[in-house]
Amino acid sequence: MNPATSRSHILYFNRDLETMPRDRLRRHQARRLRKLLTTVLESNPFYRAKLRKAGIRKPVPLSHITDLPFTTKAELAADSLAHPPFGSNLSFPLAHYTRLHQTSGTTGAPLRWLDTRQGWDEFVNQWCFVYRGASVRAGQRVFVAFSFGPFSGFWSGFEAASRVGCLAITGGGQTSEQRVATIQATRPTVLVSTPTYALRLAEVAQSLGIDPSTLGIRVSIHAGEPGAGIPSTRQRIQDLWGCRTYDHCGLTEVGAVGYECHRQLGPHINEANFLLEIVDPESLQPVAAGQRGEIVLTSLNRPGSPLIRYRTGDLARIHPKPCSCRRTFALLRGGILGRSDDMLTIRGINVFPSAIENILRKFPEIVEFQGLVSTLRGMPELTLQLECPAVKTTGRDHLAGRIIAAIHVGLNLRPLIEFVADGTLPRAEMKSRRFHVSSSVQ
């Protein structure tokens, strides 16, 4: 039996919290929520005005969480413009804040986000749950393959590696070739990156004549995109690196929200730190367990810059059965299923990019891909641009036919296929946007 999958080898960062009976967990959350609401009603200009406008002048119990208004990213962006440079969602004097990061800006202008020393410490602790969930033990070496820009996840993941007793190795300020060389020289056992960049690093290693599976990586942890939760993408990473691949979901403005256990079924939401709701993105009403809806989060342990009932735009479903890892935290089976704002409509068929990626990653001939939605003959059409350097020109028609057939069977779509030269499509170490919609498509 693989030690990572043996029950006796299950690792927890805080066993008491992670296996707490649900009734005790709810009481724990209720205490945290009351403390948070007391703070923001007393001293947070953004939420004091927002809650009072909704008729809330004192903390509400957890059972009345739906009495509180939702928070949207658009509201935060407008507040930042009205109160530059940091906005008014600050519960303490500015001198109490010790960290500044910003969101990626993939769905709008980036937000600047401040943390107090206590709030940042909580963020780092949340990443410790991520490592332990992936069975990362003290004494291992963790390579963080990010550029260490202004986005908080890189920094919190790096600091947390040392907090759980690992040797933290930075990949900041290096080219992909230099990162491969660093991995080869320092022999880390854990790789932290976006899923797209894990594939890119493997591609670079192979171009250098190096088999990535010989480099010693045994665990990879991925965030920033839903790729590690897409079965075929996860399998591709595992096959290339000879490792076990774990998904993680988080946001700069919220925290390190979810982490996978050894079962690799999807992220457990760290409910000791966050209140989770799943709502219908149209009606905003709660959905039943097992039904897909939008993730809404309340951050309980970052009172300096809190978020209450924050609409993330991410879609997921709560698995109704408890996980065999014994964690009682909610499990998002299958991970992030897409975003409420990235669904594509092709000839009347609604499809999420992640569903297309799941099919394409099953074809080992495809090194990189990109999707373009444009109007042809008055109808939206999907063109898939593919890099397949090992496929000869004479074999491309056959491969295109197989790909079209697989997508038609799986999604009832027949995309157009365009083969492009090796190295034509962009590679990203950050979040990858592989699907682009022409402005003429309505």
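Every value quoted in this text rests on a predicted model; they were computed, and no experiment measured them. (Residues numbered from 1 in each chain as written. Predicted model: local features only at pLDDT ≥ 70, side-chain atom pairs only at ≥ 80, totals over all residues. Heavy atoms only, no water.)

S.K.: What am I meant to see in the overall build of the protein here?
M.R.: Summing up its helical and strand segments, the protein has 11 helices and 19 strands in all. Taking 442 residues into account, the globule formula puts the C-alpha radius of gyration at 22 Å, and the protein, at 22 Å, falls close to it. C-alpha atoms of the protein, sized along the principal axes, occupy 70 × 55 × 45 Å. With 442 residues in all, the protein has 54% of them scored as buried. In the protein, the proportion of contacts linking residues at least 24 apart, taken out of those at least 6 apart, comes to 68%. Split by element, the accessible area of the protein, about 19000 Å² in all, is 52% carbon and sulfur. Here the protein carries 54 positive and 36 negative side-chain charges, and the mean point of each set is 6 Å from the other. (Helix = DSSP H or I, 4+ residues; strand = E, 2+ residues; numbered from the N terminus. Rg over C-alpha atoms; globule rule 2.2 N^0.38 Å. Buried < 20%, exposed > 50% of the residue type's maximum accessible area, 1.4 Å probe, protein only. Contact = heavy atoms within 4.5 Å. Areas by Shrake-Rupley, 256 points an atom, 1.4 Å probe, with all protein chains shown as cover. Lys, Arg positive; Asp, Glu negative; His and termini not counted. Charge placed at Lys NZ, Arg CZ, Asp CG, Glu CD.)

S.K.: Looking at this model, I keep getting lost on helix α3 (residues 45-53). Mind explaining?
M.R.: Since the α-helix advances by 3.6 residues per turn, residues separated by three or four positions end up pointing in the same direction. Every buried residue of α3 is listed here: F46, Y47, K50 and L51. Seen end-on, α3 carries its buried residues on one side only, within an arc spanning 105°. If you follow the buried residues of α3, they end up packed against α2 (22-43) and α4 (73-82). Two or three places before F46, at the start of α3, stands the capping residue N44, its side-chain oxygen 3.1 Å from that residue's backbone nitrogen. Downstream of α3 by one or two residues, G55 has phi in the positive range, about 85°. (Arc of directions from axis to C-beta. Polar contact = N/O pair within 3.5 Å; in protein donor to acceptor, adjacent residues only side chain to side chain.)

S.K.: What am I meant to see in the packing of aromatic side chains here?
M.R.: Given two aromatic rings, their pairing is described by the distance between the two centres and the angle made by the two planes. Evaluation of the coordinates by the stated rule reveals 9 aromatic pairs. Centroid distance F13 to F129: 5.1 Å. Interplanar angle 65°. Geometry classified as edge-to-face. Taken together, the positions of F13 in the segment before α1 (15-18) and F129 in helix α5 (residues 117-133) put the pair 116 residues apart, joining distant regions of the chain. Residue class for F13 comes out partly exposed when judged on its relative accessible area of 33%. You can call F129 buried: its relative accessible area is 4%. Ring plane angle 85° and centroid distance 5.4 Å describe the contact between F148 and F158, whose orientation is recorded as edge-to-face. One end of the pair, F148, is in the loop between β3 (141-144) and α6 (152-163); the other, F158, is in helix α6, and 10 residues separate them in sequence. Of the residues examined, F148 reaches a relative accessible area of 13% and is grouped as buried. A connected cluster of aromatic rings, assembled from ring pairs, spans F13, F129 and Y259. (Phe/Tyr/Trp six-rings, centres within 6.5 Å; stacked < 30°, edge-to-face > 60°.)

S.K.: Which parts of the structure should I look at to understand the side chain of E387?
M.R.: Within the element layout of this structure, E387 appears in strand β17 (residues 379-387). Within the structure, the side chain of E387 is placed 3.0 Å from the backbone nitrogen of T424, a separation counted as a polar contact. Of the polar contacts made by the side chain of E387, one reaches the backbone nitrogen of L425; its length is 2.7 Å. Those residues within four positions of E387 in sequence are excluded, and the remaining contacts are E365, I366, V367, E368, V420, A421, D422, G423, T424, L425 and R427.

S.K.: Would you mind showing me how to read the sheet that holds strand β6 (residues 219-222) here?
M.R.: In a beta sheet, neighbouring strands pair by backbone hydrogen bonds and run either parallel or antiparallel. Pairing within the open sheet is mixed, and its 7 strands lie in the order β4-β3-β5-β6-β7-β8-β9. The open sheet has two edge strands, β4 (167-170) and β9 (268-269), and neither has a second partner. With 2 bridges connecting them, strand β8 (residues 255-259) and β9 associate as antiparallel partners. Looking across to β9, one finds that G258 is bridged to I269. Seen against the sheet, helix α8 (residues 195-207) touches β5 (190-193) and β6 and runs at an angle of roughly 120° to β5. Helix α9 (residues 231-241) rests against β5, β6 and β7 (244-251) of the sheet, and its axis sits at about 130° to β7. (Pairing = 2+ DSSP bridges. Axes fitted to C-alpha atoms, helices over the stretch in contact; angles between N-to-C directions.)

S.K.: What am I meant to see in the environment of S63 here?
M.R.: Along the chain, S63 turns up in the loop between α3 and α4. By relative accessible area, S63 is classed as exposed at 62%.

S.K.: Teacher, can you tell me more about the nonpolar core here?
M.R.: Generally speaking, a soluble globular protein has its nonpolar side chains buried in company with each other. Of all hydrophobic cores here, the largest spans 35 residues; its most connected members are L37, L68, V254, L276, I295 and L297. Among the secondary structure elements, those contributing two or more residues to this core are α2, α3, β7, β10 (274-279), β11 (293-299) and β12 (310-316). Apart from the residues lying within four places of it in its own chain, the contact partners of I295 are L276, E277, I278, Y310, R311, T312, G313, D314, A316, L332 and I336. If you look at the next biggest cluster of nonpolar residues, it comprises 32 residues, including C166, V192, I221 and A272. (Core = buried A, V, L, I, M, F, W, Y, C linked by side-chain atoms within 4.5 Å.)

S.K.: What's the story with the sheet that holds strand β19 (residues 435-437) in this structure? I'm lost.
M.R.: Spatial ordering of the open sheet is given by β18-β17-β16-β19, a layout of 4 strands whose pairing is mixed. At either end of the open sheet lies a strand with only one pairing partner, and these are β18 (416-420) and β19. Here the strands of the sheet are splayed against their neighbours by 25° on average, with no regard to which way each runs. Bridge count for strand β16 (residues 368-376) against β17 is 9 bridges, and the pairing is antiparallel.

S.K.: Even after reading the chapter, I still don't get the pairing of β16, so can you show me in this structure?
M.R.: Regular strands have side chains that alternate between both faces of the sheet. The pairing of β16 with β19 spans 3 bridges and is classified as parallel. Looking across to β19, one finds that V373 is bridged to V437.

S.K.: Looking at this structure, I do not really get the pattern of salt bridges. What am I missing?
M.R.: A pair can form between side chains of opposite charge whenever their charged atoms are brought close. Under the definition given, this model contains 15 salt bridges. Salt-bridge contacts for E159 lead to R99; the nearest nitrogen and oxygen are separated by 2.4 Å. In this pair, E159 is assigned in helix α6 and R99 in strand β1 (residues 97-102), connecting sequence segments 60 residues apart. Residue classification places R99 among the partly exposed residues on the basis of a relative accessible area of 25%. Between E294 and R311 there is a salt bridge, with its nearest N and O atoms 2.8 Å apart. Placement of E294 in strand β11 and of R311 in strand β12 is noted, with a sequence separation of 17 residues between them. For E294, a relative accessible area of 2% puts it in the buried group. Classification of R311 by relative accessible area gives partly exposed; the value is 25%. (Salt bridge = Lys/Arg side-chain N within 4 Å of Asp/Glu carboxyl O.)

None of the figures reported here should be taken as evidence of function without further support.
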